[in-house]
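# Remarks on the overall topology
Residues per chain are reported as follows:
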Amino acid sequence: MSKKIKNIILVTILGITTIIIVMNVVYNQSHVNVSEVSPDITLLSQDLLNDFENNELEANSKYLDKIIEVNGIISNISTNKNKGIITLSDKDAMGGVICHLSSEEHTKIMSLKKGQNIKIKGLCTGYLMDVILVKCIIIN
């Protein structure tokens, strides 16, 4: 066997081994239970959105993968695949904070109304014209 083929086989084996190790670490990562954890940051939903709109890189370093508690006004309530989604935004805002409720919180969505002030805690996953919070629970 030529040296070139041996190197290709070695690199392939090392690549596959690395992929298996990374997948194992990601799969076995502990999952955060938002209801049992204190928030890392508490702020108004509009302030969170403004931070991302003004400087997304800085906001990512400050909020990404952190438990955020936001207080805001409900602008939209919907469900998708039996999971509640609440959007918090001001009347004049272009974007908002989209809160994907945990499955345990789905039943609480029926008592909510547009225009209502609400406090929600969730895990910040980033910004795509809106700030996205997942695994959210309703505080009040």
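Structure shown above.
Analysis parameters
- Residues numbered from 1 in each chain as written.
- Predicted model: local features only at pLDDT ≥ 70, side-chain atom pairs only at ≥ 80, totals over all residues.
- Heavy atoms only, no water.
- Buried < 20%, exposed > 50% of the residue type's maximum accessible area, 1.4 Å probe, protein only.
- Helix = DSSP H or I, 4+ residues; strand = E, 2+ residues; numbered from the N terminus.
- Pairing = 2+ DSSP bridges.
- Core = buried A, V, L, I, M, F, W, Y, C linked by side-chain atoms within 4.5 Å.
- Contact = heavy atoms within 4.5 Å.
- Phe/Tyr/Trp six-rings, centres within 6.5 Å; stacked < 30°, edge-to-face > 60°.

## Quick word on the pairing of strand β5 (residues 117-127)
Most of β5 is tucked away: eight of the 11 residues are buried. Pairing of strand β2 (residues 67-80) with β5 involves seven bridges; the strand directions are antiparallel. Bridge pairing in β5 places Gly72 opposite Ile118. Here β5 pairs with strand β6 (residues 131-138) via six bridges, running antiparallel. Directly across from Tyr127, in β6, lies its bridge partner Val131. If you look at the hairpin formed by β5 and β6, you'll find three residues sitting between the two strands, and Met129 has a positive phi there, around 70°.

## Things to note about the nonpolar core
Core analysis: the largest hydrophobic core is formed by 25 residues, its most contacted members being Leu48, Tyr63, Ile68, Ile86 and Leu88. Among the secondary structure elements, those contributing two or more residues to this core are β1 (41-44), α2 (45-54), α3 (56-63), β2, β3 (83-88), β4 (97-101), β5 and β6. With residues near it in sequence (within four places) discarded, Tyr63 still touches Ile41, Leu43, Leu48, Asp51, Phe52, Ile68 and Cys124.

## A closer look at the packing of aromatic side chains
Per the counting criterion, the structure on display carries two aromatic pairs. Judged by centre distance (5.8 Å) and plane angle (35°), the rings of Phe52 and Tyr63 are tilted. Placement of Phe52 in helix α2 and of Tyr63 in helix α3 is noted, with a sequence separation of 11 residues between them. What makes Phe52 buried here is its relative accessible area of 1%. By relative accessible area, Tyr63 is classed as buried at 1%. Judged by centre distance (5.5 Å) and plane angle (15°), the ring pair of Phe52 and Tyr127 falls under stacked. One end of the pair, Phe52, is in helix α2; the other, Tyr127, is in strand β5, and 75 residues separate them in sequence. The exposure classification of Phe52 matches that of Tyr127, with both residues buried.

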